[in-house]
Every structure is written in structure tokens, then in C-alpha cells.
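If you want the building blocks of each chain, they are given just below.
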Amino acid sequence: MKLRRMKAKDFRTDRRRAFLLADLLTAILLFSLAALFLFFPIKGYARIFYEERDRFAAEQRAASAVSKIRFAALYSGLGMRNGEEYKNAFFPNSGQPFTWSGPAAVSKGLLMPEASELRLAYAFPAGARAAMDAVAQAGRVEVTLSQEPAADYFEINTKATKGWVLFSHSGTGRPLYITAKRGRRLTLGSREESAFQISRGDRLYLFRAAKFYAVSGIMYMKDFRTTGDQPVENGIEDLRFKIEDNLLHIFILARGEDLKLKSNEGLQDEMDNWPKEFVPRKTSTTCRLYSFHETLRLPNLRD
């Protein structure tokens, strides 16, 4: 049997292949080590991204909830009195919102925790003004408006919010009830017999009222012009209120949307905006919760 003599050319080829294999294995090892060192930072950055995205979703929910309250808060108490004088401006036994403790109040809703229901009675611009001066006699006054408001603005019913109107500067801060409407003319009455005047140019406002609260992860608004409470924002797990020095403090507990993130256990930073005096309501959601605090001015409340 003859042994095949290896030529120098074949030897060089095999040696080159051996070096290539060694280089390849070394490259794979180095790449694996580099990937190992990069994996954990990348995983950390991904977690931060998912958490920030989740928080942003909750923040959007909280901002939307505040936007539902903002207009009513801004015009709350305009043309009205506060406290007992608010209730005395309306007829007794008329029910909500006429029996509230004032045009802006915080209450405990039915089967709800403390400070969980916000009540706002506010003025809504009707787009018309008094066309001339009008002086009340025996608590009655006839006002001619600059333009005829829409027919569905009014209702001759003292137990309905549509049955009452307000003027921006006249009437000494009293709501007036509607007794008749003819074109641009409104005949109005007051529960007080004292004399008052509605001046030319005074803006007409419609009396409106709403209450806000959250149940089972949904924020509701009750508009007293309609029947039933309407859902206005999802993902609001708890909602509390405080009124201090004509400032409305709104505390919101909103959920994120990423089910893969861990719950709030050990994440006290996310609850820093939630007041310690309020125990957060139990929730069935497995999403992470975030707390927010928003402050709105109540510029029209009277002492």
C-alpha cells in the first residue's frame, strides 16, 4: 500500500483552514461575551421605555378626566351666592342640585368613600345680552334680549335646571326662574321680593349643574339637564376632591395599559401625589396605578 505524499500546497491549504476555524470560533466567543454584556443594559432600557409608555397612557387618562371638570369649575358660582344663600335662592323640596350646600361642594356619594363626589353648579353662556335696562317689581322682571336664544335652552319648570337663568352682574347674585318666553323677551321671577335691576349689556347665562365621581375604573358625569349618569373616561380607578381657598384640588388614581408590568407593590413613587388622608379604593385591575394631582381655580365663588 502506497502512502500519498502530501504536497506543500495541500499542507498550506489545510493550515489556512485551521486558522480560519480558530478565528471563527474566537469571533463567536467574543460576540457572545459582548452580547452578554449588552443584553442587560438593553433589557433595562426596554423596561424604562415600557414603563414610561405606560405612565403616559395613565397621564392622558388623568388629563382627560380633568378636562371634563375644567369648564364647570371655571364658571361655578357665577351669578350665585354660596352656602345657605345658594339653597335659599331656589324653591324648597326641589331636590338636587338645588339643595346642595353651595355651587361648589365635595360630598360622599352613595356607598362611596369620603370626598369622592364633586358637585358643581355653574353658569353657561347663552350668547345673548340684555338689550335694555329692566327694573324688577315685586320680584318679577321682563327682559328683552339682544337675540333670541335656542328654544331648547329653557323650560318653564322651577324643579329643572333649564327653568333657571343668571345674569353676569345684575340681580345681586341670584338665579332667576322663567315664567314666560316670547321671542326675545323673557319674563323672570325671583324668590326674593327686594328690588333689583338688570342693566343693558348684561350677559345672559343658563343655570347648569353636574356631579363627577368614579366607580369600577370609570369616571362618570351626571349632567342635570339629562337623565342618567354618563361614563366620560375609562381607567380612572379612584377620584377624590378637596376645596380650599377657592381652589379645587383633584386627586386621580389612573391605571396604565401594559399588563406585563408589575403591580404597584414597592413603587411608592407612583403614589406620591395621592394624599395620605384618603385610603385608595380597592381595584380589580392588574395594571400599574399612577397618582396625579391637579389644581383648578374657582374664581367666582363668593364668601
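Up top is the structure.
Now for a description of the structure that goes with this document. This structure is a prediction, so every number in the text was calculated from the model and none was measured.

Bringing the side chain of Ser291 into the picture now. Along the chain, the position of Ser291 falls in strand S14 (residues 289–297). Residue class for Ser291 comes out buried when judged on its relative accessible area of 1%. Engagement of the side chain of Ser291 in a polar contact is seen with the backbone nitrogen of Asn273, the distance being 3.2 Å.

Structurally, the position occupied by Gly139 is in the loop between strand S3 (134–135) and strand S4 (140–144). Along the primary structure Gly139 and Phe196 are separated by 57 residues, whereas in three dimensions their C-alpha atoms are 8.1 Å apart. If near-sequence neighbours (up to four positions away) are discounted, Gly139 is found in contact with Leu188, Gly189, Ser190, Glu192 and Glu193.

Next up on the list: the packing of aromatic side chains. Applying the stated criterion across every chain, the model contains 17 aromatic pairs. Where Tyr86 meets Phe90, the ring centres are 5.2 Å apart and the plane angle is 70°; that geometry is what we call edge-to-face. You'll find Tyr86 and Phe90 in the same group, each marked buried. Among the aromatic residues, those joined into a cluster by ring pairs are Tyr86, Phe90, Phe91, Phe98, Trp164, Tyr177 and Phe207. The ring of Phe224 carries the charged tip of Lys222 above its face, separated from the ring centre by 5.4 Å.

If you walk across this open sheet you meet the three strands as S12-S13-S14, and the pairing is antiparallel. Looking at strand neighbours, the two that pair on one side only are strand S12 (236–244) and S14, the edges of this open sheet. Averaged over all pairs of adjacent strands, the angle between strand axes in this sheet comes to 15°, irrespective of strand direction. Note: S12 against strand S13 (residues 247–255), eight bridges, orientation antiparallel. The residue of S13 that forms the bridge with Ile236 is Ala254.

Before going further, it helps to examine the pairing of strand S9 (residues 203–215). In regular strands, side chains alternate between the two faces of the sheet. The buried count for S9 comes to 11 of 13 residues, which makes it a mostly enclosed element. The sheet contact formed by strand S5 (residues 164–167) and S9 spans three bridges and is antiparallel. The residue bridging Phe167 from the neighbouring strand is Leu204, located in S9. Pairing of S9 with strand S10 (residues 218–223), which is carried by six bridges, proceeds in the antiparallel orientation. Looking across to S10, one finds that Ala214 is bridged to Met219.

Every second residue of S5 is oriented toward a common face, with Trp164 and Leu166 on one face and Val165 and Phe167 on the other, all of them buried. With two bridges joining them, S5 and strand S6 (residues 176–182) adopt antiparallel strand pairing. The partner of Val165 across the bridge, within S6, is Leu176.

It is possible for side chains bearing opposite charge to pair when their charged atoms get close. Under the defined criterion, the tally for this structure stands at 16 salt bridges. For Glu142, the salt bridge identified is with Arg185, shortest N-O distance 3.7 Å. Of this pair, Glu142 sits in strand S4 while Arg185 sits in strand S7 (residues 185–189), and the two are 43 residues apart along the sequence. Put simply, Glu237 and Arg255 hold a salt bridge, and the shortest N to O gap is 3.5 Å. Remark: Arg255 occurs in strand S13 and Glu237 occurs in strand S12; sequence separation between them is 18 residues. Through salt bridges that share partners, Arg81, Glu85, Arg174 and Glu192 make up one connected network.

Conventions adopted
Residues numbered from 1 in each chain as written. Predicted model: local features only at pLDDT ≥ 70, side-chain atom pairs only at ≥ 80, totals over all residues. Heavy atoms only, no water. Helix = DSSP H or I, 4+ residues; strand = E, 2+ residues; numbered from the N terminus. Buried < 20%, exposed > 50% of the residue type's maximum accessible area, 1.4 Å probe, protein only. Polar contact = N/O pair within 3.5 Å; in protein donor to acceptor, adjacent residues only side chain to side chain. Contact = heavy atoms within 4.5 Å. Phe/Tyr/Trp six-rings, centres within 6.5 Å; stacked < 30°, edge-to-face > 60°. Lys NZ or Arg CZ within 6 Å of the ring centre and 35° of its normal. Pairing = 2+ DSSP bridges. Axes fitted to C-alpha atoms, helices over the stretch in contact; angles between N-to-C directions. Salt bridge = Lys/Arg side-chain N within 4 Å of Asp/Glu carboxyl O.

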